[in-house]
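# An overview of the molecular structure
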Amino acid sequence: MQRSVEEIKAGNFQYHIRVEGKGEFARLAENINSFTDGLRNAVDSELLSERLKTE
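Residues numbered from 1 in each chain as written. Predicted model: local features only at pLDDT ≥ 70, side-chain atom pairs only at ≥ 80, totals over all residues. Heavy atoms only, no water.

### Some points on the pattern of salt bridges
The following threshold applies: In what follows, salt bridge is the name for a side-chain nitrogen of Lys or Arg lying within 4 Å of a carboxyl oxygen of Asp or Glu. Counting from the N terminus, the helices are the DSSP runs of H or I reaching at least four residues and the strands are the DSSP runs of E reaching at least two. Residue burial is assigned from relative accessible area. The probe radius is 1.4 Å, only protein chains are included, and a residue is buried under 20% of its type maximum, exposed over 50%, and partly exposed in between.
Counted according to the given criterion, the structure contains 5 salt bridges. Glutamate 6 is the salt-bridge partner of lysine 9, the closest N and O atoms lying 3.7 Å from each other. One end of the pair is lysine 9 and the other is glutamate 6, both in helix H1 (residues 2-9) and 3 residues apart, which spans about a single turn. A relative accessible area of 65% means that lysine 9 is categorised as exposed. A salt bridge links glutamate 20 to arginine 18, with the nearest nitrogen and oxygen atoms 3.0 Å apart. For the pair formed by glutamate 20 and arginine 18, the shared burial category is exposed.

So, in structure tokens, the structure goes:
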């Protein structure tokens, strides 16, 4: 889990934590994955917006 968070912190928003089981760590991994998806979508949207401004 720690390595996964470090990977995402480094800017790899494509990284997903493999979720196994139903415990606290599984819920934490799902939440981190969801957060990462939101960040990736926001960055993609901002990049598209900036590209359209320059055109």
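We are not done yet, so read on.
### Thoughts on helix H2 (residues 24-54)
Helical geometry: 3.6 residues make up each α-helical turn, so side chains three or four residues apart lie on a common side. Spelled out, the test is: What a helix is expected to span follows from its residue count: subtract one and scale by 1.5 Å. Contact definition: two residues touch when any of their heavy atoms are within 4.5 Å.
When the terminal C-alpha atoms of H2 are compared, their 45 Å separation across 31 residues agrees well with the 45 Å that a helix rising 1.5 Å per residue should span. Of all the positions in H2, only Ala26, Ala29, Ile32, Asn33, Thr36 and Arg40 are classed as buried. On its buried face, H2 sits against H1.

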